[in-house]
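# Residue-level structural notes
Below, each chain spelled out in residue letters.
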Amino acid sequence: FYMPAGGTYVESGYLAVDGCDSSPDFSVTGSVNANVPGSYVLTYTATDAAGNSSSVTRTVEVTNTPPVAVAGADQSIDCVIGSADVSLNGSGSYDADGDDLSYLWTLNGSPVGNTAALDISLGANTHVLTLTVSDGIASSSDDVTVVVIADATPPVITLAGDNPFYLAAGDAYVEAGFSAVDAC
């Protein structure tokens, strides 16, 4: 007999037949903890008025499929000055048994959030965040890597006109102009 963890075990019933005793005594030993996955053995014993007895066992398998954590795709953010605001989403995580999930985001082992979505500000570096989801019985984890790249490229300046620019003594200088482009 199989049942999902967290459910309620309901006895399927039992019957004893004895040719000489219409109402033998019954006993059931063992128990089922429906919240803890594992194998549980129940022993059913019937004893008639003559003291004859027989026993059978029922194995109850309490099962749980661990949830699956999905932390999302790795991210790379370029041209950051200071820090970058990053949004992560673990709502793709699931539990095949349909159990409710709890969420825990950690960065370097320290908790940083406890919902499916996480908004966090990260400085320039490579950061590995871990999402752990739990169904109350089992858990699983998934990592997402966020690379934050600081703006370290100077702008490029382009001069308009000749360079070098030759100016005769006494002539007025007129700036030809310039342009500046920054990749970030």
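Above this text is the structure in question.
The rules behind the values
- Residues numbered from 1 in each chain as written.
- Predicted model: local features only at pLDDT ≥ 70, side-chain atom pairs only at ≥ 80, totals over all residues.
- Heavy atoms only, no water.
- Helix = DSSP H or I, 4+ residues; strand = E, 2+ residues; numbered from the N terminus.
- Rg over C-alpha atoms; globule rule 2.2 N^0.38 Å.
- Buried < 20%, exposed > 50% of the residue type's maximum accessible area, 1.4 Å probe, protein only.
- Contact = heavy atoms within 4.5 Å.
- Areas by Shrake-Rupley, 256 points an atom, 1.4 Å probe, with all protein chains shown as cover.
- Pairing = 2+ DSSP bridges.
- Axes fitted to C-alpha atoms, helices over the stretch in contact; angles between N-to-C directions.
- Disulfide = S-S within 2.5 Å.
- Phe/Tyr/Trp six-rings, centres within 6.5 Å; stacked < 30°, edge-to-face > 60°.
- Core = buried A, V, L, I, M, F, W, Y, C linked by side-chain atoms within 4.5 Å.

To continue, consider the overall build of the protein. Counting secondary structure elements, the protein contains zero helices and 13 strands. For the protein, the C-alpha radius of gyration of 36 Å lies well beyond 16 Å, the compact-globule estimate for 184 residues. In terms of its C-alpha atoms, the protein occupies a principal-axis envelope of roughly 135 × 25 × 20 Å. Within the protein, the fraction of its 184 residues that count as buried is 25%. Partitioning the intrachain contacts of the protein with sequence separation of at least 6 by distance along the chain shows that 54% fall at a separation of at least 24. As displayed, the protein offers around 11,500 Å² of accessible surface, 53% of which is attributable to carbon and sulfur atoms.

With mixed pairing, the four strands of this open sheet are ordered in space as β1-β4-β3-β2. This sheet does not close on itself; its edge strands, each paired only once, are β1 (2-4) and β2 (25-29). Neighbouring strand axes in the sheet, compared pairwise and without regard to direction, differ in orientation by 25° on average. Judged from the ten bridges that link them, strand β3 (residues 38-47) and strand β4 (residues 53-63) form a sheet pairing that is antiparallel. Pairing of T47 across the sheet is with S53, part of β4.

Let us look at the state of the cysteines. A full pass over the atoms with the stated rule returns one disulfide. With its sulfur 1.9 Å from that of its partner, C79 forms a disulfide with C184. Measuring handedness by torsion sign, the sulfur bridge of C79 and C184 sits at about -60° and is left-handed. Linking C79 in strand β5 (residues 75-80) with C184 in the segment after β13 (178-181), this pair joins segments that are 105 residues apart in sequence.

For the rest of this paragraph, the subject is the packing of aromatic side chains. The full count for this structure, using the stated rule, is four aromatic pairs. Summarising the aromatic geometry, the rings of F1 and Y9 are spaced 5.8 Å apart at their centres and angled 80° between planes, so their arrangement reads as edge-to-face. Taking the centre distance of 5.3 Å and the plane angle of 50° together, the rings of Y14 and Y44 count as tilted. Taken together, the residues Y14 in the loop between β1 and β2 and Y44 in strand β3 connect sequence positions 30 residues apart. Classification of Y14 as partly exposed rests on a relative accessible area of 44%.

Attention now moves to the nonpolar core. In terms of nonpolar packing, the biggest core is built from 17 residues, with L88, W105, I120, L122, L129 and V146 touching the most fellow members. Counting only elements with at least two residues in this core, the list comes to β6 (83-89), β7 (102-107), β9 (117-123), β10 (125-134) and β11 (139-150). Sequence-distant contacts of L122, defined by excluding residues within four places in its chain, comprise S83, A84, V86, L107, H127, L129, V146 and V148. The next biggest cluster of nonpolar side chains, apart from the first, holds nine residues, and it includes M3, Y9, Y40 and L42.

The next thing to look at is the environment of V144. Residue position: V144 is located in strand β11. Spatially, the C-alpha atoms of V144 and L88 are 8.6 Å apart, while their sequence positions differ by 56 residues. In contact with V144, not counting residues within four places along its chain, are A71, G72, A73, D74, L88, W105, H127, V128 and L129.

Spatially, β5-β11-β10-β7-β8 is the arrangement adopted by the five strands of the open sheet, whose pairing is mixed. The open sheet has two edge strands with one neighbour each: β5 and β8 (110-113). Sheet twist, expressed as the mean angle between neighbouring strand axes with direction ignored, is 30°. One ladder, built from ten bridges, connects β10 with β11; its direction is antiparallel. Counterpart to T132 in the pairing with β11 is S141.

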